[in-house]
Amino acid sequence: MPKKNDAPASFETALQDLEQIVTRLESGDLPLEEALNEFERGVQLARQGQMKLQQAEQRVQILLSESEDAPLTPFTPDDE
């Protein structure tokens, strides 16, 4: 298991790690101390994920606000 201060490589990795932690905690097979450590790691991952989602939302809002008057056009790849 990664150290508590290690940030996951991506939002998706953090989400997978969090899902695994939830599964282990729901199993009820962990000793109390290990369950508390897993819970702590899960809270950290949830907070990191929330921050990444907020940052993504801010980026989208900035992109949309920079060009309010620009017409939206369908995306067509260069190779078409």
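Thresholds applied
- Residues numbered from 1 in each chain as written.
- Predicted model: local features only at pLDDT ≥ 70, side-chain atom pairs only at ≥ 80, totals over all residues.
- Heavy atoms only, no water.
- Helix = DSSP H or I, 4+ residues; strand = E, 2+ residues; numbered from the N terminus.
- Expected span 1.5 Å × (residues − 1).
- Salt bridge = Lys/Arg side-chain N within 4 Å of Asp/Glu carboxyl O.
- Buried < 20%, exposed > 50% of the residue type's maximum accessible area, 1.4 Å probe, protein only.
- Polar contact = N/O pair within 3.5 Å; in protein donor to acceptor, adjacent residues only side chain to side chain.

1. Considering helix 1 (residues 11-27)
Owing to its 3.6 residues per turn, the α-helix aligns residues three or four sequence positions apart on the same side. Over its 17 residues, helix 1 extends 24 Å from the first C-alpha to the last, a length consistent with the 24 Å expected when each residue adds 1.5 Å. Of the residues flanking the end of helix 1, it is G28, one or two places downstream, whose phi is positive at about 75°.

2. Re the pattern of salt bridges
Overall, the coordinates contain one salt bridge when judged by the stated rule. The closest approach of N and O atoms between R24 and E38, which form a salt bridge, is 2.5 Å. With R24 in helix 1 and E38 in helix 2 (residues 32-66), this residue pair connects regions lying 14 residues apart in the sequence.

3. Some words on the environment of D17
Inspection of the secondary structure puts D17 in helix 1. For D17, a relative accessible area of 22% puts it in the partly exposed group.

4. Some points on the environment of T13
Summarising the element assignment, T13 is placed in helix 1. The exposure class assigned to T13 is partly exposed, which follows from its relative accessible area of 28%. With 32 residues separating them in the primary sequence, T13 and L45 have C-alpha atoms 9.7 Å apart. A polar side-chain atom of T13 sits 3.0 Å from a polar atom in the side chain of S10.

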